[in-house]
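Summary of structural features
Here are the chains, one letter per residue:
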Amino acid sequence: MTFDGFDTRAIHAGQEADAGTGSVVVPIHQTSTYAQDSVGGLRGGYEYSRAANPTRSALEECLAALESGARGLAFASGMAAEDTLLRTIAGPGDHVIIPDDAYGGTFRLFSTVLQRWGVSWDAVPQTDPEAVRAAIRPETVAVWTETPTNPLLNVTDIAALAGIAHEAGALLVVDNTFASPYLQQPLALGADVVAHSTTKYLGGHSDVVGGALVAADAELGERLAFHQKTMGAIAGPFDSWLTLRGVKTLGVRMDRHCANAERVVRELSEHPAVREVLYPGLADHPGHKVAANQMSGFGGMVSVRLSGGEDAALRLCERARVFTLGESLGGVESLIEHPGRMTHSSTAGSALEVPADLVRLSVGIEAAEDLLADLRQALAG
Ligand SMILES: *Cc1c(COP(=O)(O)O)cnc(C)c1O
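Model, not experiment: these values are computed from the prediction.

Remarks on the pattern of salt bridges
Taken as a whole, this structure holds 14 salt bridges when the rule is applied. Here arginine 133 ties to glutamate 130 by a salt bridge, and the two come within 2.9 Å at their closest N and O atoms. Remark: glutamate 130 and arginine 133 occur in helix α5 (residues 129–135); sequence separation between them is three residues, near one turn of the helix. The salt bridge partner of glutamate 369 is arginine 263, with a shortest N-O separation of 2.5 Å. Of the two residues, glutamate 369 sits in helix α13 (residues 368–379) while arginine 263 sits in helix α10 (residues 250–269), which places them 106 residues apart along the sequence. A single network of salt bridges, built from pairs that share partners, joins Asp122, Arg137 and Glu139.

Right, dumping it as structure tokens:
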């Protein structure tokens, strides 16, 4: 059965009641292997859990339905998903274009592992699609984009980048972690593959690390599934189950993340200690128009630059109480961090270095008044 509504897909896609027991929730199939009735006589198509596991299959089917793709695949982490994807679509001699403010882990994957493996890359300001076009080379196999970006919340035009990539015979990959499929549907805008850290909004409860890929096309999906099985960076049954449980409430959580983020943005925009608020929902954000076109809401991530420089940024992080000082994002609880010293320290000294006065907020779904009061007290004095 297929469903039209996003929230219905989140709750039901890949999650029919268990045929044997009627269990409404997909069971945790904590098994490595499956009994065969005769040699090669599989009961449900499963033979070994690296290749496939029913709990993981349920999550994979659900993710494909949420991104409206042909095939979903679940991995041990977002980075495992990225590594598997890149070593499927790029090999020695190939070239990939990445954003000049890519997620720190993505930058590190390119600048260390993939570089040694012979994949070259250019980091380009992708807010300008023409800069991406100019960086295309004959050996370019993919354009990798992230929107909104982590932590600067820049916005790239997915449809424009898809056109440029396809003209050059390259794939467009979109890291959709910040928006989640609830707010943004990259495959419908022309992307070929969506990558996720399901650790963030999809899982949504800061209790599991995971990653995902969704391919628009079944043939590429099959090649990715082959590499998933061969490289083995799979999501385990319990991790798949936790992620699937989180996904069910993605829509209601995202609505609250967006509403709370807007309150936080309004509060911080008027605060004298804040030099600049970076949020695509602000009318004067350079990517506002594109974001309004391709997103159905502006998300729960907010970054701010402080008038008092790095010291003020560190002080805000350390004085916040309801906002927990920590890495990661996208969970029900609000988090605060200093990208320059924490998540993005690997970009220090490179063209991708982030400003020292920058603080990143992952606005959770607590009562907005408590979040605002916390920021007020942390910024005071
Ligand atoms: C966290 C994150 C990743 C990496 O995912 P892990 O689950 O930590 O491996 C990739 N891209 C973005 C945008 C992220 O925020």
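Focus: the UniProt feature "modified residue: N6-(pyridoxal phosphate)lysine" (unreviewed entry) in the protein
The feature "modified residue: N6-(pyridoxal phosphate)lysine" (unreviewed entry), as annotated in UniProt, sits at Lys200 in this numbering. Inspection of the secondary structure assignment puts lysine 200 in the loop between β6 (193–197) and β7 (211–215). Leave out the neighbours within four places in its chain, and lysine 200 touches Thr177, Ser328, Leu329 and Gly330.

A few points about the site of the ligand
Residues in contact with the ligand amount to 15 residues; listed here are only the nearest, Met79, Asp175, Ser197, Thr199 and Lys200. For the ligand, an oxygen atom lies 3.4 Å from a polar atom in the side chain of asparagine 150. Contact distances for the ligand include 2.6 Å between a nitrogen atom and a side-chain N or O atom of aspartate 175. Starting from 380 Å² of accessible surface for the ligand in isolation, the protein chains cover 92%.

Focus on the nonpolar core
Core analysis: the largest hydrophobic core is formed by 74 residues, its most contacted members being Leu172, Leu268, Leu306, Leu316, Val359 and Leu361. With seven residues, the single largest contributor to this core is α10. Structurally, this core is a two-domain feature, drawing no fewer than three residues from each of domain 1 (6–247) and domain 2 (251–379). When near neighbours in sequence (up to four residues on either side) are disregarded, leucine 172 contacts Val143, Thr145, Ile158, Leu161, Ala162, Ala165, His166, Ala191, Asp192 and Val193. In this structure, Leu73, Leu86, Trp144 and Ala215 belong to the second largest nonpolar core, which totals 29 residues.

Things to note about the packing of helix α3 (residues 78–89) against helix α8 (residues 218–231)
Taken N-terminus to C-terminus, the directions of α3 and α8 make an angle of 120°; their axes are 9 Å apart at the nearest point. Here α8 runs oblique to α3, going by the angle between their axes. Handedness of the α3/α8 crossing: right-handed. Contacts between α3 and α8 pair Asp83, Thr84, Leu85, Arg87, Thr88 and Ile89 from the former with Leu220, Arg223, Leu224, His227, Gln228 and Met231 from the latter. Classifying every residue of the contact of α3 with α8 by side-chain character gives five nonpolar, four polar and three charged.

Notes on the sheet that holds strand β4 (residues 140–146)
The strand order across the open sheet built from seven strands is β1-β7-β6-β5-β4-β2-β3, with neighbouring strands paired in mixed fashion. Either end of the sheet is taken by a strand with one partner, and the two such strands are β1 (71–75) and β3 (120–124). The mean inter-strand angle of the sheet, taken between neighbouring strand axes irrespective of direction, is 20°. As paired elements, β6 and β7 share five bridges and run antiparallel to each other. The partner of serine 197 across the bridge, within β7, is glycine 211. Along the sheet, helix α2 (residues 54–66) makes contact with β1 and β7, crossing β1 at roughly 130°.

Describing the domain arrangement of the protein
Looking at the assigned domains, one finds that the protein contains domain 1 (6–247) and domain 2 (251–379). Each of domain 1 and domain 2 has a C-alpha centre, and the two are 26 Å apart. With 38 residues of domain 1 at the contact, the number on the domain 2 side is 41 residues. Summed over the three residues of domain 1 that lose the most area to domain 2, namely Leu153, Leu183 and Tyr201, the buried surface amounts to 25% of that side. The interface formed by domain 1 and domain 2 contains zero salt bridges. At the surface where domain 1 touches domain 2, the tally comes to 15 residue pairs in polar contact (both at pLDDT 80 or more). For the side of domain 1 that touches domain 2, the elements supplying multiple residues, two or more each, are α4 (104–116), α7 (180–183) and α9 (237–247). Looking at side-chain class alone, the side of domain 1 that touches domain 2 contains 19 nonpolar, 13 polar and six charged residues.

A few points about the side chain of serine 180
Within the element layout of this structure, serine 180 appears in helix α7. Relative accessible area serves as the criterion here: at 1%, serine 180 is assigned to the buried category. Contact partners of serine 180, with chain neighbours within four places excluded, come to His196, Tyr201, Leu250 and Met254.

Conventions used here
- Residues numbered from 1 in each chain as written.
- Predicted model: local features only at pLDDT ≥ 70, side-chain atom pairs only at ≥ 80, totals over all residues.
- Heavy atoms only, no water.
- Salt bridge = Lys/Arg side-chain N within 4 Å of Asp/Glu carboxyl O.
- Helix = DSSP H or I, 4+ residues; strand = E, 2+ residues; numbered from the N terminus.
- UniProt positions renumbered as here; feature names shortened; annotations may be inferred.
- Contact = heavy atoms within 4.5 Å.
- Near = heavy atom within 4 Å.
- Polar contact = N/O pair within 3.5 Å; in protein donor to acceptor, adjacent residues only side chain to side chain.
- Areas by Shrake-Rupley, 256 points an atom, 1.4 Å probe, with all protein chains shown as cover.
- Core = buried A, V, L, I, M, F, W, Y, C linked by side-chain atoms within 4.5 Å.
- Buried < 20%, exposed > 50% of the residue type's maximum accessible area, 1.4 Å probe, protein only.
- Domains from an automatic or database assignment.
- Axes fitted to C-alpha atoms, helices over the stretch in contact; angles between N-to-C directions.
- Parallel < 35°, antiparallel > 145°, perpendicular 65-115°, else oblique.
- Left-handed = near helix turned anticlockwise from the far one by under 90°.
- Nonpolar A, V, L, I, M, F, W, Y, C, P; charged D, E, K, R; others polar.
- Pairing = 2+ DSSP bridges.
- Buried area = accessible area lost by both parts, 1.4 Å probe.

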